[in-house]
Amino acid sequence: MVAALQSHRKDLEIAKEYDLPDAKSRALDNIGRVFARVGKFQQAIDTWEEKIPLAKTTLEKTWLFHEIGRCYLELDQPWQAQNYGEKSQQCAEEEGDIEWQLNASVLVAQAQVKLRDFESAVNNFEKALERAKLVHNNEAQQAIISVSLPTPLGPGCGEQGGWALSSSAFSCLLVLCPGQASGQQGRRQNLPPGVPQSPGSPSEGGRPPQPHPAVCF
């Protein structure tokens, strides 16, 4: 990892020296991945936030905002995680990408659970469930249902009542990549939280990588 980081930093230095925005974007992308992989989430955030102005497409921003939000969630900063999750959600809707709408909705809901905004969390889990159905991701559907089933607040919770998540909301939420759930072969990588699964990236001209499949509250 140290050698990789040094190499990517050298690429960034050259890109800045010769004013090469695409190369700079790619180097920042790679540096952020290394930091996230080793659990240095704040450094990953700082690096990826520097990359934001260089993002060329809405889909690239969708991925970037999602990964920054995931890092904030790992740092137990749910307000920031929710903020970036909502940005990712908006970009995914503008792009019409259902898979990333699913991913972003789950991120926002997870942040809202930590913020104890359970009613909003339920709404976003329901959005995620709808999108999981659209992409025929049965495993994601089951995982979301296990987390997002609302139950009325019991006695002592106020006369107005309301909603709370089931106790499983505080267990791991598993959201598989839609491609894997639809029957693609291959074993899911066991990557640290915040690290994209795919080696490709929007700045390299490819489709944004899917997020890490599991997050624990």
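Residues numbered from 1 in each chain as written. Predicted model: local features only at pLDDT ≥ 70, side-chain atom pairs only at ≥ 80, totals over all residues. Heavy atoms only, no water.

J.: Tell me about the overall build of the chain, and name the residues and values.
T.: Scanning the chain from terminus to terminus reveals nine helices and four strands. For the chain, the α and β elements follow one another from N to C terminus as α-α-α-α-α-α-α-α-β-β-β-α-β. In the chain, once contacts between residues fewer than 6 apart in sequence are set aside, the share between residues at least 24 apart is 57%. (Helix = DSSP H or I, 4+ residues; strand = E, 2+ residues; numbered from the N terminus. Contact = heavy atoms within 4.5 Å.)

J.: Run through the UniProt feature "repeat: TPR" (unreviewed entry) in the chain, naming residues and quoting values.
T.: According to UniProt, the "repeat: TPR" (unreviewed entry) feature falls on residues 25-58. Summarising residues 25-58: 74% helix, 0% strand, and an end-to-end C-alpha distance of 15 Å. (UniProt positions renumbered as here; feature names shortened; annotations may be inferred.)

J.: Any chance you could break down helix α3 (residues 41-51) for me, citing the residues and the numbers?
T.: When α3 is considered as a whole, its buried residues turn out to be Phe-41, Ala-44, Ile-45, Thr-47, Trp-48 and Lys-51. Residues of α3 that are buried sit in contact with α2 (21-37) and α4 (58-74). (Buried < 20%, exposed > 50% of the residue type's maximum accessible area, 1.4 Å probe, protein only.)

J.: Can you break down helix α5 (residues 78-95) residue by residue, with the values?
T.: In a regular helix each residue adds 1.5 Å, so 18 residues correspond to 26 Å; α5 covers 25 Å between its end C-alpha atoms and thus fits that length. Against the buried residues of α5 lie α3, α4, α6 (98-114) and α7 (118-134). Looking one or two residues beyond α5, the residue adopting positive phi is Gly-96, at roughly 75°. (Expected span 1.5 Å × (residues − 1).)

J.: Before we move on, could you go through the pattern of salt bridges and cite the residues and values that matter?
T.: Considering all chains together, one arrives at seven salt bridges under this definition. The partner of Asp-22 in a salt bridge is Lys-56, with the nearest N and O atoms 2.8 Å apart. Taken together, the residues span a long stretch of sequence, with Asp-22 in helix α2 and Lys-56 in the loop between α3 and α4 at a distance of 34 residues. Residue class for Asp-22 comes out partly exposed when judged on its relative accessible area of 41%. In this structure, Arg-131 and Glu-130 form a salt bridge, with 3.9 Å as the shortest nitrogen-oxygen distance. The class of Arg-131 is buried, set by a relative accessible area of 15%. (Salt bridge = Lys/Arg side-chain N within 4 Å of Asp/Glu carboxyl O.)

J.: Go over the UniProt feature "coiled-coil region" (unreviewed entry) in the chain with me, naming the residues and quoting the values.
T.: Here, the residues flagged by UniProt with the feature "coiled-coil region" (unreviewed entry) are residues 108-135. The distance from the first to the last C-alpha atom of residues 108-135 is 19 Å, and the span holds 86% helix and 0% strand.

J.: Outline the side chain of Gln-112, listing residues and values.
T.: On the secondary structure map, Gln-112 appears in helix α6. We classify Gln-112 as buried; its relative accessible area is 4%. Residues within four places of Gln-112 in sequence aside, it is in contact with Gln-82, Glu-86, Asp-117, Ser-120, Ala-121 and Asn-124.

J.: How would you summarise unusual backbone geometry if you had to cite specific residues and measurements?
T.: Positioned with a positive phi, Asp-76 is a non-glycine residue whose angle comes to about 60°. By the element assignment, Asp-76 lies in the loop between α4 and α5. Phi at Arg-116 takes a positive value of approximately 60°, unusual for a residue other than glycine. Along the polypeptide, Arg-116 turns up in the loop between α6 and α7.

J.: Which residues make up the packing of α4 against α6, and what are the values?
T.: Running from N to C, α4 and α6 cross one another at 25°; their axes reach a closest spacing of 10 Å. Taken together, the axes of α4 and α6 lie roughly parallel to each other. The hand of the α4/α6 crossing is left-handed. Taking contact as the criterion, the partners of Leu-59, Thr-62, Trp-63, His-66, Gly-69, Arg-70 and Leu-73 in α4 are, on α6, Trp-100, Asn-103, Ala-104, Leu-107, Gln-110, Ala-111 and Lys-114. Looking at side-chain class alone, the contact of α4 with α6 contains seven nonpolar, five polar and two charged residues. (Axes fitted to C-alpha atoms, helices over the stretch in contact; angles between N-to-C directions. Parallel < 35°, antiparallel > 145°, perpendicular 65-115°, else oblique. Left-handed = near helix turned anticlockwise from the far one by under 90°. Nonpolar A, V, L, I, M, F, W, Y, C, P; charged D, E, K, R; others polar.)

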